[in-house]
Amino acid sequence: MCDYSLHAVATRPAQVGETIVTTTFRGTSTRGFASERDLSVAVCLLPGTELAFADNVRYDNRWIWTRTINSRVGKFGKVDPHIPDRHHDAIEFPDGKYVLVTQLVEGQRATVLQLPVTQPIGEEKQQQATTEQQVERPATMPRLPIG
């Protein structure tokens, strides 16, 4: 997914094995991921997408100094999705810390290692129906005639 503030930017889904780079998109103050070949198109990640960064990850809070996470791998996810009108896209690191994507320093490269498993809607409904059929129904007690 792409953060709410990128609704006016062209987007496409991420692909396994591609290298993406952090950038600020023209006409926004939001940072996100783009293809190395076309920095104007936001590359959207699904929650659970695993990334390997070329270097330890750097981030800022729009201040002069930056901070570094001593990790090169992370998993894309969402934070506080119930709160509207704020950034939700984040990278979670193995130590449990997370950084909002919009705080990542520009120019960092990451390789998409793995996308989350998703199921087409039709297959999900079919699997749900099969599962419901497999659930044992309680046996009914035979009724005995009265009197």
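Just so we're clear, the structure is a prediction, and the values are computed from it rather than from any experiment.

So, how was this worked out
Numbers given for residues are sequential positions, taken from 1 along each chain in its written order. Only residues with pLDDT of at least 70 get local features here, since the model is predicted, and only at 80 or more are side-chain atom pairs given and counted; chain-wide, interface and lining totals rely on the full set of residues. Side-chain calculation: all heavy atoms of the structure are included, whereas hydrogens and water are not. The helix count covers DSSP runs of H or I at least four residues long, the strand count covers runs of E at least two residues long, and both are numbered beginning at the N terminus. Contact between two residues is taken to exist if any of their heavy atoms lie within 4.5 Å; hydrogens are not considered. Residue exposure ignores everything except the shown protein chains as possible cover, and the areas themselves are Shrake-Rupley values with a 1.4 Å probe. Note: two strands are recorded as paired if DSSP finds a minimum of 2 bridges between them. Like-charged residues are merged into a patch within 9 Å and nonpolar side chains (Val, Leu, Ile, Met, Phe, Trp, Tyr) within 5 Å, provided each residue has over 30% relative accessible area and no salt bridge. One speaks of a salt bridge when a side-chain nitrogen belonging to Lys or Arg is within 4 Å of a carboxyl oxygen belonging to Asp or Glu. When accessible area is computed with a 1.4 Å probe and restricted to protein chains, residues below 20% of their type maximum are described as buried, those above 50% as exposed, and intermediate ones as partly exposed.

(A) Geometry of the overall build of the protein chain. Check the secondary structure of the protein chain and you find one helix and 11 strands. Overall, the protein chain shows an N-to-C arrangement of helices and strands of β-β-β-β-β-β-β-β-β-β-β-α. Taking all contacts inside the protein chain whose residues are at least 6 apart in sequence as the whole, residues at least 24 apart take part in 56%. Accessible area for the protein chain stands at about 10,200 Å²; split by element, carbon and sulfur atoms hold 53% of it.

(B) The arrangement of the pairing of strand β11 (residues 109–114) in detail. The pairing of strand β2 (residues 19–24) with β11 spans three bridges and is antiparallel. The residue bridging I20 from the neighbouring strand is A110, located in β11. In this sheet, β11 lies alongside strand β5 (residues 50–53) in antiparallel orientation, the contact comprising four bridges. Note on β11: the bridge partner recorded for A52 is T111.

(C) Structural view of a nonpolar patch on the surface. A contiguous nonpolar surface patch, about 480 Å² in accessible area, is contributed by W63, I64 and W65. Relative to the helices and strands, W65 is located in the loop between β6 (57–59) and β7 (67–69).

(D) Seen up close, the pattern of salt bridges. Summed over the entire model, instances satisfying the criterion amount to four salt bridges. A salt bridge links R31 to D60; its shortest N-O distance comes to 3.2 Å. Here R31, found in strand β3 (residues 31–35), pairs with D60, found in the loop between β6 and β7; they are 29 residues apart in sequence, far enough to count as distant. Classification of D60 as buried rests on a relative accessible area of 9%.

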